[in-house]
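# Understanding the architecture of this molecule
Each chain, written out:
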Amino acid sequence: MADELRIDGQLSIPLAEIELRTSRSSGPGGQHANVTASRVEAVFDIEASRSLDEARRARLLEKLGPVVTAVAQDGRGQYRNRELALSRLASKIAAGLRVPRRRRPTRPTRASRQRRIDQKRRNAQRKQSRRRPSGEDG
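The text that follows walks through the structure, step by step, so that each part is easy to find. (Residues numbered from 1 in each chain as written. Predicted model: local features only at pLDDT ≥ 70, side-chain atom pairs only at ≥ 80, totals over all residues. Heavy atoms only, no water.)

### Brief notes about the sheet that holds strand 5 (residues 67-72)
Rules: For two strands to count as paired, DSSP must find a minimum of two bridges between them. Each helix corresponds to a stretch of at least 4 residues labelled H or I by DSSP, and each strand to a stretch of at least 2 residues labelled E; elements are numbered beginning at the N terminus. Angles shown run from 0 to 180 degrees and are taken between the N-to-C directions of axes, each axis being a line fitted to C-alpha atoms and, for helices, limited to the stretch in contact. Between two residues, a contact is recorded if the distance between any of their heavy atoms is within 4.5 Å.
Reading across the sheet, the three strands line up as 3-4-5 and stay open at both edges, with antiparallel pairing between neighbours. For this open sheet the edge positions go to strand 3 (18-23) and strand 5, each flanked by a neighbour on one side alone. Across this sheet, the average inter-strand angle for adjacent strands is 20°, counted without regard to direction. Packed onto the sheet, helix 3 (residues 78-97) meets strand 3, strand 4 (39-45) and strand 5 and runs at close to 145° relative to strand 5.

Here it is, written out as C-alpha cells:
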C-alpha cells in the first residue's frame, strides 16, 4: 500500500492526514463478524490538512464541510474495507474539487420562434371561435 492517497493527477494526500477508525461490522461474516473489527471509517480533516492549497481547501470546505468521512463494511476483512473506504474518500474529495462547467446561454432558433407565433395564432383563433357572437348584425 502506498503512503499517500491519490486524488487526481495533481493532488495526493498523505495517509498520515487520514484517520482510519475500525469497529464491528454489521455486514456479512456470521460469527466471525461478532469478534472482528472489520468496518473501516476513513476521516479527513480538511481544515487541518497541510497538503491542500488555499483554493482547494476553500472549495472543499464550501462543498463538503470541515470533515469528510467514508465508511466501508462491505467486505469480510478489514484490509478490503480499508481499501474501499479510502477509494470512496478519494472519490468524494475529487467530486468536491470538480469545477462545474459554465452554462452557455442559447437563443431560440428562427423556426422555433415561428412555431411559437403560429401556435399562439391558432390558440387565439380557437378561443375567438368559442365566443358568443356579437350583436352587430341585428
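There is more to say, and it comes next.
### Points about the pattern of salt bridges
In a structure, side chains of opposite charge can pair up when their charged atoms sit close to one another. Let me state the cut-off plainly: Any Lys or Arg side-chain nitrogen located within 4 Å of an Asp or Glu carboxyl oxygen qualifies as a salt bridge. Burial status follows relative accessibility: with a 1.4 Å probe on protein chains alone, a residue under 20% of its type maximum counts as buried, one over 50% as exposed, and anything between as partly exposed.
Enumeration according to the criterion identifies six salt bridges in this entry. Arg 121 is the salt-bridge partner of Asp 118, the closest N and O atoms lying 3.3 Å from each other. Taken together, the residues span about one helical turn, with Asp 118 and Arg 121 both in helix 4 (residues 110-130) at a distance of three residues. Looking at Asp 118, the relative accessible area reads 26%, which means it is partly exposed. Taken together, the shared-partner salt bridges connect Glu 19, Arg 21 and Glu 41 into one network.

### Quick word on the side chain of Glu 41
With respect to the helices and strands, the residue Glu 41 is situated in strand 4. On the basis of relative accessibility, which here comes to 17%, the residue Glu 41 falls in the buried class. Residues within four places of Glu 41 in sequence aside, it is in contact with Glu 19, Leu 20, Arg 21, Thr 69, Ala 70 and Val 71.

### What about a positive patch on the surface?
The line we're drawing: Patches here are clusters of residues that have more than 30% relative accessible area and form no salt bridge, with a 9 Å joining cutoff for like charges and a 5 Å cutoff for nonpolar side chains (Val, Leu, Ile, Met, Phe, Trp, Tyr). Per-residue and other accessible areas were derived by the Shrake-Rupley procedure at a 1.4 Å probe size, with only the shown protein chains allowed to occlude residues. When charges are tallied, Lys and Arg are placed among the positive residues and Asp and Glu among the negative ones, while His and the ends of the chain are skipped. A single reference atom marks each charge: NZ on Lys, CZ on Arg, CG on Asp, CD on Glu.
Taken together, the side chains of Arg 122, Arg 126, Lys 127 and Arg 130 present a region of like positive charge at the surface. Residue Arg 130 is classed as exposed on the basis of its relative accessible area of 62%.

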